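Chains, contacts and geometry: an overview
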Amino acid sequence: MASKREELEIYWNKINYAYPILNDTLFTDCSDAEYEDIQQIIVGLGVQIKIRDLILVHTEKYFRQHVASSFWSKFIKTDEEVKGFQLFKSAVNDLYEAMASFSPMITRLTILNNSCCDNKPIYGERDVMSGIKQLLRATLLSQLPLDFQVIINHFYKVSFNVFDNAEYENSDMGEDVMCSGCWNEYSDCNCSYIVKVFHDTNRKLVELTLLERLTGQVLTNFIQQRIELHIQKLCTGTFDVSHISFLENWLDTTVMSWLTRIYCAGSSKPHRVDKDIQNAVSKFKQKLSYSLYHIYTKLRIDQLFNIIIVYPDSQPAVDDIKLCLDKTDLRATLCKKLQNALETRLLHPGVNTPDILTAYISAIRALRHLDPSGVILETVTKPVRNYLRNREDTVRSVVSSLTEEGAGSELAEELAKFAAETDDELEKEEDWDNWMPDPKDADPKVNGNDRKANDIISMLVNVYGSKELFVNEYRTLLADRLLAQSVINTEKEIRYLELLKLRFGESQLHFCEVMLKDVSDSKRINALIQQDKNFESLNNKFSSNAMILSAQFWPPFKDESLELPDEIKQHFEAYTKSYEALKGNRTLNWKPHLGNVNIEIEIGEKKLDLTVSPFNATLIMHFQTKPEWSLEELHQIMKVPLIILRRKITYWQSLGIISEKSTDNYVLVEGSDGNKSSCSTNQVQEMICEDEESESVMASAHDQREGELQVFWSYIVGMLTNLDSLPLERIHQMLKMFASQAPGTECSLQELRQFLDTKVRTHQLVLQAGMYKLPKT
Amino acid sequence: MKVTVKSWTGVATWRWIANDDNCGICRMPFDSCCPDCKLPGDDCPLVWGACSHCFHIHCIVKWLHSQPQQQCPMCRQDWKFNNK
């Protein structure tokens, strides 16, 4: 019994000798030959399974108490990158050495395990080696300290710096004393040391299968940061270069080869054999290229407003965004950000309407390029359209830029382009092969084709939803231009008119056509009348021409009265007679305040050559007969309201020809007085001045509308005579019922209220308790 | 001071000398053109009948073509062009 016990004691000591781990140490002199005996003993006793499990339990304890704690104790939070680098390196080294000291034991354990024949997996793994590694990993990670990433981050930062620097080494071999890789002086640059340590450490981590688990997150974060930095360095301020292929290349070469080296411990090409590494690297690459696109697109979206403003030049940037938008999920962000940018930078009273229009136009162009379906454009520019609708001078700005020539008038170019493009449209429609569904954020109520078909001009016109407003505005502008210019470039105007006709349709612009014909007809009639014998004698003094207009086709003129000097009146009467002779049964109604006059004024030595309005000409001609006039006298003779007289006489005052002696008394500044003025040298001076007035001679749109509403007045008077008093709504309803055939009948309740209010103000109506009444006579 | 007018460009609107504003057939103003025309004035002149009523020439010709008897649509007298 005792000998049996002693025997067992000896066996146990021998087992302890072979597996010192059972006493929590690792050192033993046990050789392979000795172990074979011990193995036999264990098998002989039939306790191999029990012994194996006991060893595993002790190994786990040893890992937990010694290996893990000494590994993590190196992870001290530090700000110094180099220190972090060293710490991580030594921690990994120690761990690796600790693992190495296990290796004889593992060999023995493997033999032991093979003799167990129970096929029980060790920590979920088939063979002992991977089981132990799994155990180590589990133990280490169960004790993960809070800031372990700091150290790892330092480690990779230092090494990436060196690496990144090596890529560009040729380019920045300047006079730097510092090596930009390791921030040491060149003399003791330890880049190569860092690279060596780096690869070594990574190899050890790979062998311990700890690399991914320990450093994966840190590495991803870190590389993302690097990508962001790199993109920001590369892409700020320039929109005229496409960066995306360059960035992809950078990711492929610099970042990926660095990553491959980490995984493959130094060699830049992955081993073809190792599927796991290849998989890991390609997974990593997918993640990284997504974040590359994401970061780049975000950056570009922040700059999108500026990109749009310089659009045709920034096309590469737009192309990049277009490409990236398909790969990332940033459509919604783009819409929101751009909308905000537009609102803060464009849609406030400090911006001129033409500037808003320019921005809107380039936004249309850029966004149409970015998203051919037009959905982004529609979403983003909605606030712009709403805002433009509220600006009074939008239509005028659009129309004038449509007809402007030269640089900066993109709309005019667009108009000309449209004419050239109309022919190709039909072919495009049947392109089934390239059909694309609408993006998911599209408004299902709107037909996709409508969105695409809209070009820039129709987008602008659609701000208001009707062509009519634009055509009317164009007519007014054209009328102003035709009347203001003494020499009219009819050909140019006709060309524009033809272009506009293509766009707005023949019928809408028919009036303008007549206007242009009036101008050319007038030229011919003038020429004919100049030849008239009766007229010739008069014309010896000065030549008189006329613009003969078809009143029905021109926008209504502002009504202004002006009594011309007799001399001029005679002229016009003679002209009318000639005209009547020329065109049977037709006569002329003169608009005395319109037109322009070329006069020469001689004051002493001074000679002025001026082109002025008929009003100014008449005024100065009166001063020729009498040097001093009171405002009242002028009013009597010219039949012009006092206010207008006072305002317009300032033109001559500004020229220093007339001065205000006392209130409302004007006197001619004659010879000697004139010499005192600034321009009174003895030389004869020829001055050519333009009349400063440039206000429109046409009735404003508001006045025109008022005129249209006047149609209703007779209906309203009839209604109120019969029914005594009516509320606004009733009047509106009755008008809709009875007067809907009259022109301009789309009269909203609001317009009607305004119209009736003006009538109340002029005492043609009485408003009592919400009811309109005719005043009692 | 001496003011010399070198040239004076005035602006005038033309109108037909007629005893009404609108054409009795198409109800358009005389100074405008008949519905079939684009340009007023010389291209769409007025004509007077012996009864002193006047119309756009295109309007009255169309009217006369569509009627069995040649009558003025205003006064039902026989229509004769008055070439005054």
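Remember, it's a predicted structure, so these values are computed and weren't measured experimentally.

Thresholds, definitions, all that
Residues numbered from 1 in each chain as written. Chains lettered and ligands numbered in written order. Predicted model: local features only at pLDDT ≥ 70, side-chain atom pairs only at ≥ 80, totals over all residues. Heavy atoms only, no water. pLDDT = per-residue confidence, 0-100. Helix = DSSP H or I, 4+ residues; strand = E, 2+ residues; numbered from the N terminus. Pairing = 2+ DSSP bridges. Axes fitted to C-alpha atoms, helices over the stretch in contact; angles between N-to-C directions. Contact = heavy atoms within 4.5 Å. Buried < 20%, exposed > 50% of the residue type's maximum accessible area, 1.4 Å probe, protein only. Phe/Tyr/Trp six-rings, centres within 6.5 Å; stacked < 30°, edge-to-face > 60°. Lys NZ or Arg CZ within 6 Å of the ring centre and 35° of its normal. Expected span 1.5 Å × (residues − 1).

1. Considering the confidence of the model for chain B
Across chain B, the average pLDDT comes to 87, with 98% of residues at 70 or higher. At the low end of the mean pLDDT range in chain B sits strand 1 (residues 2-16) of chain B, at 85; at the high end sits helix 1 (residues 57-66) of chain B, at 91.

2. Overview of the sheet that holds strand 5 (residues 658-662) of chain A
Residues and elements named next belong to chain A. Strand order across the open sheet formed by three strands is 4-6-5, with antiparallel pairing between neighbours. Every interior strand has two partners, whereas the edge strands, strand 4 (628-630) and strand 5, have only one. Across the sheet, the mean angle from the axis of one strand to that of its neighbour is 30 degrees, orientation sign disregarded. In terms of strand pairing, strand 4 meets strand 6 (residues 665-668) through three bridges, oriented antiparallel. Opposite Glu628, over in strand 6, you have Val667 as the bridge partner. Relative to strand 4, helix 27 (residues 631-638) is tilted by about 85 degrees, and along the sheet it contacts strand 4 and strand 6.

3. Description of the pairing of strand 3 (residues 606-612) of chain A
All names here are of chain A. The buried fraction of strand 3 is high, at five of seven residues. Pairing analysis gives seven bridges linking strand 2 (residues 586-603) to strand 3, with the strands arranged antiparallel. Each residue of the ladder has a partner; that of Glu602, found in strand 3, is Lys607. The loop that links strand 2 with its antiparallel partner strand 3 comprises two residues; one of these, Gly604, has a positive phi angle of about 55 degrees.

4. Considerations on the packing of aromatic side chains
In this structure the tally under the stated criterion is 20 aromatic pairs over all chains. Measuring from centroid to centroid gives 4.9 Å for A:Phe85 and A:Phe155, while their planes differ by 15 degrees, and the two rings are stacked. Note that A:Phe85 is positioned in helix 4 (residues 81-114) and A:Phe155 in helix 6 (residues 148-167), a separation of 70 residues in sequence. With respect to burial, A:Phe85 and A:Phe155 carry one shared label: buried. Measuring from centroid to centroid gives 5.7 Å for B:Trp79 and B:Phe81, while their planes differ by 90 degrees, and the two rings are edge-to-face. Residue B:Trp79 is classed as buried on the basis of its relative accessible area of 7%. Looking at B:Phe81, the relative accessible area reads 40%, which means it is partly exposed. A connected cluster of aromatic rings, assembled from ring pairs, spans A:Phe71, A:Trp72, A:Phe75, A:Phe85, A:Phe88 and A:Phe155. Directly above the aromatic system of A:Phe284 lies the positively charged group of A:Lys287, at a separation of 5.0 Å from the ring centroid. Sitting above the plane of the A:Phe615 ring, A:Lys648 keeps its charged end 5.1 Å from the centroid.

5. Points about helix 26 (residues 614-625) of chain A
A rise of 1.5 Å per residue sets the reference length of helix 26 of chain A, with its twelve residues, at 16 Å; its end C-alpha atoms lie 17 Å apart and thus fit the reference within 8%. With ten of its twelve residues buried, helix 26 of chain A lies for the most part within the structure.

6. Observations concerning the environment of A:Ser748
Residues and elements named next belong to chain A. Counting through the fold element by element, Ser748 comes out in the loop between helix 32 (728-738) and helix 33 (749-761). Since its relative accessible area comes to 36%, Ser748 is described here as partly exposed. With 16 residues separating them along the chain, Ser748 and His732 place their C-alpha atoms 8.1 Å apart.

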